[in-house]
Amino acid sequence: MTDTVTALRLLGSEAIDPFDPKGPLTRNLAVERVRVGEPGPGEVLVEPLFVGVCGSDGSASLGKSNFSWVKRPRTIGHECSVRIVAFGPGAEGYGGLKAGDVVCPVPMRGCGDPRCRGCRNGRWNYCRRKQILGFHRDGALAQRMVLEVDRCVPLRAGLTALQGAVVEPLSVVAQGVLRKCTIRPGMDVVVTGCGIMGLIAAELCKSAGARVAVTGIERDREVRLKLAQERGFTPIVIGPGETLHEKLKAGVEALDGTRFGDDFEGGLVDALIECSGAPQALATAGLGVHLEGQICVIATYPSSVPFEATAFTRSGQVMSGVMGSSREDFETAMLLIERGAFAIEPYAQVYAFDRVLEAMDDSMAARTPKAIMAVNGRA
Ligand SMILES: [Zn+2]
Ligand SMILES: [Zn+2]
(Lines give C-alpha, C1' and ligand atoms only; values in the text may rest on other atoms or scores of the structure.)
(Ligands and ions follow the chains in the order given, each with its own letter.)
Protein backbone atom coordinates (compact mmCIF):
# COMPACT_ATOMS: atom_id res chain seq x y z
CA MET A 1 0.00 0.00 0.00
CA THR A 2 3.01 2.30 -0.44
CA ASP A 3 1.85 5.52 -2.02
CA THR A 4 3.54 8.45 -3.71
CA VAL A 5 2.13 11.80 -2.64
CA THR A 6 2.82 15.50 -3.04
CA ALA A 7 4.54 17.07 -0.02
CA LEU A 8 6.22 20.29 1.02
CA ARG A 9 9.80 19.43 1.82
CA LEU A 10 12.29 21.38 3.90
CA LEU A 11 15.59 20.77 2.09
CA GLY A 12 18.13 23.49 2.82
CA SER A 13 19.28 25.37 5.91
CA GLU A 14 20.58 28.57 4.30
CA ALA A 15 20.04 31.59 6.58
CA ILE A 16 17.54 33.82 4.77
CA ASP A 17 16.74 37.35 5.94
CA PRO A 18 13.03 38.00 5.26
CA PHE A 19 13.71 41.76 5.42
CA ASP A 20 16.44 41.60 2.80
CA PRO A 21 15.34 39.09 0.18
CA LYS A 22 18.08 38.07 -2.25
CA GLY A 23 15.80 35.68 -4.06
CA PRO A 24 12.64 33.86 -3.03
CA LEU A 25 12.13 33.37 0.71
CA THR A 26 11.12 29.79 -0.08
CA ARG A 27 14.50 28.70 -1.44
CA ASN A 28 15.06 26.16 1.36
CA LEU A 29 11.76 24.49 0.36
CA ALA A 30 10.48 22.40 -2.53
CA VAL A 31 7.28 20.63 -3.47
CA GLU A 32 8.21 17.02 -4.18
CA ARG A 33 6.66 13.62 -4.71
CA VAL A 34 7.51 11.41 -1.74
CA ARG A 35 6.69 7.84 -0.72
CA VAL A 36 4.44 7.39 2.28
CA GLY A 37 4.70 3.87 3.65
CA GLU A 38 2.17 1.71 5.44
CA PRO A 39 1.44 2.54 9.07
CA GLY A 40 3.69 0.54 11.40
CA PRO A 41 2.81 -0.87 14.84
CA GLY A 42 0.83 1.71 16.84
CA GLU A 43 0.56 4.03 13.84
CA VAL A 44 -2.19 5.35 11.60
CA LEU A 45 -2.28 6.50 7.99
CA VAL A 46 -4.21 9.76 7.66
CA GLU A 47 -5.11 12.35 5.06
CA PRO A 48 -4.45 15.89 6.27
CA LEU A 49 -7.52 18.09 5.70
CA PHE A 50 -6.47 21.62 6.74
CA VAL A 51 -2.92 22.47 7.81
CA GLY A 52 -1.89 25.80 9.34
CA VAL A 53 1.46 27.36 8.52
CA CYS A 54 3.16 27.98 11.86
CA GLY A 55 5.74 30.64 12.67
CA SER A 56 8.09 27.77 13.50
CA ASP A 57 7.62 26.37 9.95
CA GLY A 58 8.67 29.80 8.72
CA SER A 59 11.64 29.96 11.10
CA ALA A 60 12.88 26.52 10.02
CA SER A 61 12.39 27.50 6.36
CA LEU A 62 14.39 30.70 6.86
CA GLY A 63 17.25 28.61 8.30
CA LYS A 64 17.03 30.21 11.75
CA SER A 65 19.49 28.82 14.29
CA ASN A 66 16.79 27.72 16.77
CA PHE A 67 15.69 25.15 14.15
CA SER A 68 19.15 24.02 12.99
CA TRP A 69 18.53 20.68 14.74
CA VAL A 70 15.85 19.69 12.22
CA LYS A 71 17.20 17.00 9.86
CA ARG A 72 16.68 17.73 6.17
CA PRO A 73 14.92 16.66 4.00
CA ARG A 74 11.76 16.83 6.10
CA THR A 75 8.06 17.22 5.31
CA ILE A 76 6.96 20.03 7.63
CA GLY A 77 3.51 20.89 9.04
CA HIS A 78 2.09 20.14 12.48
CA GLU A 79 -1.04 22.29 12.96
CA CYS A 80 -3.67 20.15 11.37
CA SER A 81 -6.96 18.37 11.20
CA VAL A 82 -6.68 14.93 9.57
CA ARG A 83 -8.98 12.07 8.58
CA ILE A 84 -8.01 8.54 9.56
CA VAL A 85 -7.54 6.25 6.54
CA ALA A 86 -6.02 3.05 7.95
CA PHE A 87 -4.63 1.56 11.15
CA GLY A 88 -1.31 -0.18 11.60
CA PRO A 89 -0.91 -3.35 13.74
CA GLY A 90 -2.18 -2.77 17.28
CA ALA A 91 -3.50 0.73 16.56
CA GLU A 92 -7.00 -0.44 15.66
CA GLY A 93 -9.61 0.75 18.12
CA TYR A 94 -7.27 3.08 20.06
CA GLY A 95 -9.49 5.48 22.03
CA GLY A 96 -12.52 4.23 20.09
CA LEU A 97 -11.15 5.71 16.85
CA LYS A 98 -12.24 4.33 13.50
CA ALA A 99 -11.46 4.95 9.84
CA GLY A 100 -13.05 8.18 8.63
CA ASP A 101 -12.80 9.94 12.01
CA VAL A 102 -11.43 13.49 11.96
CA VAL A 103 -8.77 14.08 14.62
CA CYS A 104 -6.22 16.72 15.62
CA PRO A 105 -2.78 15.25 16.30
CA VAL A 106 -0.78 16.52 19.27
CA PRO A 107 2.55 17.51 17.66
CA MET A 108 4.66 16.90 20.77
CA ARG A 109 4.87 13.25 21.78
CA GLY A 110 6.71 12.23 24.93
CA CYS A 111 9.19 9.39 25.39
CA GLY A 112 6.68 7.36 27.44
CA ASP A 113 9.30 6.25 29.96
CA PRO A 114 7.58 5.79 33.34
CA ARG A 115 10.56 7.50 35.00
CA CYS A 116 9.96 10.66 32.93
CA ARG A 117 8.16 13.31 34.97
CA GLY A 118 6.51 15.05 32.00
CA CYS A 119 5.21 11.79 30.54
CA ARG A 120 4.05 10.50 33.93
CA ASN A 121 1.98 13.68 34.31
CA GLY A 122 0.51 13.31 30.82
CA ARG A 123 2.39 16.45 29.77
CA TRP A 124 4.32 15.30 26.69
CA ASN A 125 5.28 18.88 25.89
CA TYR A 126 7.40 18.94 29.04
CA CYS A 127 9.25 15.72 28.21
CA ARG A 128 12.91 16.40 27.32
CA ARG A 129 12.96 13.52 24.85
CA LYS A 130 9.76 14.51 23.01
CA GLN A 131 9.42 14.01 19.26
CA ILE A 132 7.73 16.78 17.30
CA LEU A 133 5.58 16.04 14.28
CA GLY A 134 6.82 17.83 11.18
CA PHE A 135 10.31 18.30 12.66
CA HIS A 136 11.44 14.94 14.09
CA ARG A 137 9.26 12.97 11.68
CA ASP A 138 7.45 13.88 8.46
CA GLY A 139 4.47 16.14 9.02
CA ALA A 140 1.15 17.20 7.62
CA LEU A 141 1.96 19.34 4.57
CA ALA A 142 1.48 16.26 2.40
CA GLN A 143 -1.49 14.46 0.88
CA ARG A 144 -0.90 11.52 3.26
CA MET A 145 0.94 11.18 6.56
CA VAL A 146 1.79 8.34 8.93
CA LEU A 147 1.85 9.11 12.66
CA GLU A 148 1.48 7.46 16.07
CA VAL A 149 -2.18 6.82 16.88
CA ASP A 150 -1.78 8.03 20.47
CA ARG A 151 -1.20 11.59 19.18
CA CYS A 152 -4.78 11.69 17.86
CA VAL A 153 -7.37 13.79 19.71
CA PRO A 154 -10.87 13.47 18.19
CA LEU A 155 -12.22 16.75 16.81
CA ARG A 156 -14.99 17.93 19.11
CA ALA A 157 -18.46 17.44 17.59
CA GLY A 158 -19.72 20.58 15.89
CA LEU A 159 -16.27 21.95 15.06
CA THR A 160 -15.23 22.21 11.41
CA ALA A 161 -12.04 20.69 10.00
CA LEU A 162 -10.85 24.25 9.31
CA GLN A 163 -11.29 25.12 12.99
CA GLY A 164 -9.44 21.89 13.77
CA ALA A 165 -6.33 23.28 12.08
CA VAL A 166 -6.11 26.06 14.66
CA VAL A 167 -6.55 23.87 17.74
CA GLU A 168 -2.78 23.40 18.13
CA PRO A 169 -1.67 27.07 18.13
CA LEU A 170 -4.71 27.98 20.24
CA SER A 171 -3.82 25.23 22.73
CA VAL A 172 -0.30 26.63 23.15
CA VAL A 173 -1.49 30.19 23.71
CA ALA A 174 -4.33 29.05 25.99
CA GLN A 175 -1.81 27.23 28.16
CA GLY A 176 0.17 30.48 28.46
CA VAL A 177 -2.66 32.95 28.92
CA LEU A 178 -5.15 30.86 30.90
CA ARG A 179 -3.02 28.31 32.77
CA LYS A 180 0.25 30.15 33.44
CA CYS A 181 -1.17 33.66 33.85
CA THR A 182 -4.06 35.22 35.69
CA ILE A 183 -5.81 37.60 33.32
CA ARG A 184 -8.82 39.37 34.83
CA PRO A 185 -11.43 41.94 33.76
CA GLY A 186 -10.11 45.48 33.94
CA MET A 187 -6.48 44.58 33.36
CA ASP A 188 -4.35 46.27 30.74
CA VAL A 189 -2.35 43.68 28.81
CA VAL A 190 0.23 44.25 26.08
CA VAL A 191 0.91 41.47 23.61
CA THR A 192 4.29 42.01 21.97
CA GLY A 193 4.31 40.64 18.41
CA CYS A 194 1.36 40.48 16.02
CA GLY A 195 1.94 37.10 14.40
CA ILE A 196 -0.93 34.68 14.85
CA MET A 197 0.26 33.60 18.33
CA GLY A 198 0.16 37.22 19.43
CA LEU A 199 -3.26 37.79 17.89
CA ILE A 200 -4.64 34.63 19.52
CA ALA A 201 -3.18 35.77 22.86
CA ALA A 202 -4.86 39.14 22.39
CA GLU A 203 -8.22 37.46 21.69
CA LEU A 204 -7.98 35.26 24.79
CA CYS A 205 -7.03 38.23 27.00
CA LYS A 206 -9.99 40.14 25.55
CA SER A 207 -12.29 37.19 26.26
CA ALA A 208 -10.97 37.20 29.84
CA GLY A 209 -12.08 40.83 30.16
CA ALA A 210 -8.77 42.64 29.74
CA ARG A 211 -8.08 45.69 27.61
CA VAL A 212 -5.40 44.75 25.10
CA ALA A 213 -2.69 46.46 23.05
CA VAL A 214 -0.68 44.66 20.37
CA THR A 215 2.77 45.69 19.16
CA GLY A 216 4.33 45.29 15.75
CA ILE A 217 6.96 46.83 13.53
CA GLU A 218 6.53 49.17 10.59
CA ARG A 219 5.88 46.41 8.05
CA ASP A 220 3.00 45.09 10.20
CA ARG A 221 1.04 48.33 9.92
CA GLU A 222 -0.92 47.47 6.78
CA VAL A 223 -2.03 43.89 7.48
CA ARG A 224 -1.55 42.52 10.97
CA LEU A 225 -1.84 45.68 13.08
CA LYS A 226 -4.75 46.91 10.95
CA LEU A 227 -6.54 43.66 11.65
CA ALA A 228 -5.60 43.91 15.33
CA GLN A 229 -7.25 47.33 15.50
CA GLU A 230 -10.37 46.03 13.74
CA ARG A 231 -10.55 43.35 16.44
CA GLY A 232 -10.50 46.01 19.18
CA PHE A 233 -6.83 45.97 20.15
CA THR A 234 -4.77 49.15 20.44
CA PRO A 235 -1.97 48.91 17.86
CA ILE A 236 1.52 50.07 18.86
CA VAL A 237 4.23 50.39 16.20
CA ILE A 238 7.74 49.96 17.65
CA GLY A 239 10.14 51.81 15.36
CA PRO A 240 13.88 51.09 15.01
CA GLY A 241 15.63 51.97 18.26
CA GLU A 242 12.34 52.38 20.13
CA THR A 243 11.21 50.33 23.13
CA LEU A 244 7.73 49.52 24.37
CA HIS A 245 8.23 50.87 27.89
CA GLU A 246 9.37 54.25 26.56
CA LYS A 247 6.31 54.40 24.32
CA LEU A 248 4.03 53.50 27.23
CA LYS A 249 5.72 56.13 29.37
CA ALA A 250 5.32 58.78 26.67
CA GLY A 251 1.64 57.84 26.55
CA VAL A 252 -0.20 55.44 24.28
CA GLU A 253 -3.79 56.35 23.46
CA ALA A 254 -6.14 53.38 23.70
CA LEU A 255 -8.92 52.93 21.14
CA ASP A 256 -11.40 54.39 23.65
CA GLY A 257 -9.38 57.62 23.75
CA THR A 258 -8.00 57.15 27.28
CA ARG A 259 -4.42 56.41 28.19
CA PHE A 260 -3.34 52.77 27.86
CA GLY A 261 -1.68 51.51 31.02
CA ASP A 262 -1.54 53.03 34.49
CA ASP A 263 -1.67 56.82 34.33
CA PHE A 264 -0.01 57.26 37.74
CA GLU A 265 2.69 54.67 37.01
CA GLY A 266 3.94 55.94 33.67
CA GLY A 267 1.77 53.67 31.53
CA LEU A 268 2.78 50.40 33.18
CA VAL A 269 0.58 47.39 32.37
CA ASP A 270 -0.63 44.42 34.39
CA ALA A 271 0.71 41.74 32.07
CA LEU A 272 2.87 41.38 28.99
CA ILE A 273 2.61 38.37 26.70
CA GLU A 274 5.81 38.04 24.61
CA CYS A 275 5.08 36.59 21.19
CA SER A 276 7.52 38.52 18.99
CA GLY A 277 10.72 36.50 19.37
CA ALA A 278 12.70 39.76 19.30
CA PRO A 279 15.44 39.56 21.95
CA GLN A 280 15.03 43.29 22.67
CA ALA A 281 11.31 42.84 23.41
CA LEU A 282 12.03 40.26 26.09
CA ALA A 283 15.10 42.06 27.48
CA THR A 284 13.02 45.16 28.25
CA ALA A 285 9.65 43.48 28.92
CA GLY A 286 9.74 43.94 32.69
CA LEU A 287 10.26 47.69 32.35
CA GLY A 288 6.75 48.10 30.97
CA VAL A 289 5.04 45.92 33.58
CA HIS A 290 3.81 46.74 37.11
CA LEU A 291 5.71 45.55 40.16
CA GLU A 292 4.32 42.06 40.86
CA GLY A 293 2.96 42.04 37.30
CA GLN A 294 3.10 39.11 34.89
CA ILE A 295 5.31 38.29 31.91
CA CYS A 296 4.44 35.28 29.78
CA VAL A 297 6.98 34.14 27.20
CA ILE A 298 5.52 32.19 24.28
CA ALA A 299 8.17 33.06 21.64
CA THR A 300 11.65 31.57 21.22
CA TYR A 301 14.79 33.54 20.33
CA PRO A 302 17.56 33.26 17.76
CA SER A 303 20.18 34.39 20.31
CA SER A 304 20.66 34.76 24.06
CA VAL A 305 18.87 37.68 25.69
CA PRO A 306 20.62 40.14 28.05
CA PHE A 307 18.63 40.44 31.23
CA GLU A 308 18.59 42.89 34.17
CA ALA A 309 18.39 40.14 36.77
CA THR A 310 18.54 42.30 39.90
CA ALA A 311 15.84 44.62 38.59
CA PHE A 312 13.74 41.54 37.92
CA THR A 313 14.23 40.20 41.45
CA ARG A 314 13.26 43.54 42.93
CA SER A 315 10.22 43.84 40.66
CA GLY A 316 8.49 40.86 42.22
CA GLN A 317 7.23 40.02 38.75
CA VAL A 318 6.28 36.53 37.67
CA MET A 319 7.73 35.30 34.39
CA SER A 320 6.52 32.05 32.84
CA GLY A 321 7.61 30.07 29.82
CA VAL A 322 5.34 28.07 27.56
CA MET A 323 6.36 25.09 25.45
CA GLY A 324 3.93 23.44 23.07
CA SER A 325 0.83 21.80 24.44
CA SER A 326 -0.61 18.53 25.66
CA ARG A 327 -3.79 16.59 24.99
CA GLU A 328 -5.46 18.43 27.88
CA ASP A 329 -4.60 21.81 26.30
CA PHE A 330 -6.13 20.50 23.04
CA GLU A 331 -9.40 19.76 24.84
CA THR A 332 -9.35 23.27 26.33
CA ALA A 333 -8.72 24.83 22.91
CA MET A 334 -11.63 22.95 21.32
CA LEU A 335 -13.91 24.11 24.12
CA LEU A 336 -12.75 27.72 23.66
CA ILE A 337 -13.69 27.55 19.96
CA GLU A 338 -17.04 25.93 20.71
CA ARG A 339 -17.91 28.54 23.34
CA GLY A 340 -16.88 31.44 21.08
CA ALA A 341 -13.91 32.59 23.18
CA PHE A 342 -11.80 32.38 20.02
CA ALA A 343 -12.68 32.41 16.33
CA ILE A 344 -10.14 31.79 13.56
CA GLU A 345 -12.35 33.10 10.76
CA PRO A 346 -11.20 36.77 10.91
CA TYR A 347 -7.58 35.64 10.64
CA ALA A 348 -7.53 32.62 8.32
CA GLN A 349 -6.48 32.89 4.71
CA VAL A 350 -7.12 29.53 3.08
CA TYR A 351 -4.93 28.42 0.15
CA ALA A 352 -5.37 25.43 -2.15
CA PHE A 353 -2.48 22.97 -1.65
CA ASP A 354 -0.95 23.68 -5.08
CA ARG A 355 -0.28 27.22 -3.77
CA VAL A 356 1.72 26.02 -0.75
CA LEU A 357 4.94 27.82 -1.72
CA GLU A 358 3.00 31.06 -2.18
CA ALA A 359 1.41 30.53 1.25
CA MET A 360 4.83 29.96 2.84
CA ASP A 361 6.16 33.08 1.14
CA ASP A 362 3.18 35.17 2.31
CA SER A 363 3.64 33.84 5.86
CA MET A 364 7.36 34.52 6.04
CA ALA A 365 6.90 38.00 4.57
CA ALA A 366 4.06 38.68 7.08
CA ARG A 367 1.57 39.41 4.31
CA THR A 368 -1.11 37.22 5.89
CA PRO A 369 -2.11 36.80 9.55
CA LYS A 370 -2.63 33.05 9.18
CA ALA A 371 -2.14 30.87 6.12
CA ILE A 372 -4.06 27.61 6.22
CA MET A 373 -3.56 25.02 3.49
CA ALA A 374 -6.57 23.10 2.24
CA VAL A 375 -4.55 19.91 1.67
CA ASN A 376 -7.49 17.53 1.28
CA GLY A 377 -10.13 19.84 2.77
CA ARG A 378 -12.38 22.09 0.71
CA ALA A 379 -11.06 25.68 0.54
ZN1 LIG B 1 3.20 25.52 15.60
ZN1 LIG C 1 9.13 11.60 28.51
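For the structure itself, consult the block above.
Residues numbered from 1 in each chain as written. Chains lettered and ligands numbered in written order. Predicted model: local features only at pLDDT ≥ 70, side-chain atom pairs only at ≥ 80, totals over all residues.

### Things to note about unusual backbone geometry
Of note, the bond from Arg 72 into Pro 73 is cis; its omega dihedral lies within 30 degrees of zero at -5°. Mapping Pro 73 onto the fold places it in the loop between α1 (55–61) and β4 (74–75). With a phi close to 65°, Glu 292 is a non-glycine residue in the positive phi region. By secondary structure assignment, the location of Glu 292 is in strand β17 (residues 289–297). Of note, the phi angle at Ala 366 is positive, near 60°, even though the residue is not glycine. Positionally, Ala 366 belongs in the loop between α11 (356–364) and β20 (370–374). Since 19 C-beta atoms lie within 10 Å of it, Ala 366 is described here as partly exposed. (Helix = DSSP H or I, 4+ residues; strand = E, 2+ residues; numbered from the N terminus. Buried ≥ 20, exposed ≤ 12 C-beta atoms within 10 Å, placed from the backbone.)

### Section: helix α4 (residues 167–180)
Between the first and last C-alpha of α4 there are 18 Å, a value that for 14 residues agrees with the 20 Å anticipated at 1.5 Å per step. Of all the bends found along α4, the most pronounced is centred on Ala 174 and spans about 30°. When α4 is considered as a whole, its buried residues turn out to be Val 167, Glu 168, Pro 169, Leu 170, Ser 171, Val 172, Val 173, Ala 174, Gln 175, Gly 176 and Val 177. (Expected span 1.5 Å × (residues − 1). Bend = angle between axes of the 7 residues up to and from the residue.)

### Topic: the packing of α4 against helix α10 (residues 327–338)
Their axes nearest at 8 Å, the elements α4 and α10 cross at an angle of 105°. Here α10 runs roughly perpendicular to α4, going by the angle between their axes. Taken together, the residues of α10 that come into contact with α4 (itself represented by Val 167, Leu 170, Ser 171, Ala 174 and Gln 175) are Asp 329, Phe 330, Thr 332, Ala 333, Met 334 and Leu 336. Class assignment of the residues belonging to the contact of α4 with α10 gives a composition of 7 nonpolar, 3 polar and 1 charged. (Axes fitted to C-alpha atoms, helices over the stretch in contact; angles between N-to-C directions. Parallel < 35°, antiparallel > 145°, perpendicular 65-115°, else oblique. Contact = placed C-beta atoms within 7 Å. Nonpolar A, V, L, I, M, F, W, Y, C, P; charged D, E, K, R; others polar.)

### Remarks on the pairing of strand β13 (residues 234–237)
For a regular strand, the rule is simple: side chains alternate between the two faces of the sheet. One ladder, built from 4 bridges, connects strand β12 (residues 211–216) with β13; its direction is parallel. Following the sheet pairing, Val 214 is matched in β13 by Pro 235. (Pairing = 2+ DSSP bridges.)

### Overview of the sheet that holds strand β2 (residues 29–36)
Strand order across the open sheet formed by 3 strands is β2-β1-β4, with antiparallel pairing between neighbours. Edge positions in the sheet fall to β2 and β4, since each of these pairs with one other strand and no more. Of the strand pairs in this sheet, strand β1 (residues 3–10) and β2 are connected by 8 bridges, and their pairing is antiparallel. Considered in β2, the bridge of Arg 9 is made with Ala 30.

### Topic: the nonpolar core
Among the nonpolar cores identified, the biggest contains 110 residues, and Val 189, Ala 201, Ile 298 and Met 373 are the most heavily contacted of them. Here this core takes 8 residues from helix α5 (residues 196–207), the largest share from any one element. Here this core gathers at least three residues from each of two domains, domain 1 (3–166 + 344–374) and domain 2 (172–321). (Core = buried A, V, L, I, M, F, W, Y, C linked by C-beta atoms within 7 Å. Domains from an automatic or database assignment.)

### Regarding the sheet that holds β13
Strand order across the open sheet formed by 6 strands is β13-β12-β11-β16-β17-β18, with parallel pairing between neighbours. Both outer strands of the open sheet, β13 and β18 (318–321), are each paired with one neighbouring strand and no more. For this sheet, the mean inter-axis angle between neighbouring strands, taken without regard to orientation, is 20°. Where strand β16 (residues 269–274) lies against β17, 5 bridges are found, and the strand directions are parallel. Looking at the pairing, Glu 274 lines up with Val 297 of β17. Sheet strands touched by α4: β16, β17 and β18. Its angle to β17, the strand with the most contacts, is close to 150°.

### A look at α5
Three or four residues apart is the spacing at which side chains of an α-helix point the same way, because the helix has 3.6 residues per turn. Between the first and last C-alpha of α5 there are 16 Å, a value that for 12 residues agrees with the 16 Å anticipated at 1.5 Å per step. The element α5 is extensively covered by neighbouring structure, given that 10 of its 12 residues are classed as buried. Buried within α5 we find Ile 196, Met 197, Gly 198, Leu 199, Ile 200, Ala 201, Ala 202, Glu 203, Leu 204 and Cys 205. Where α5 ends, the next residue or the one after it, Gly 209, has phi of about 100°, a positive value.

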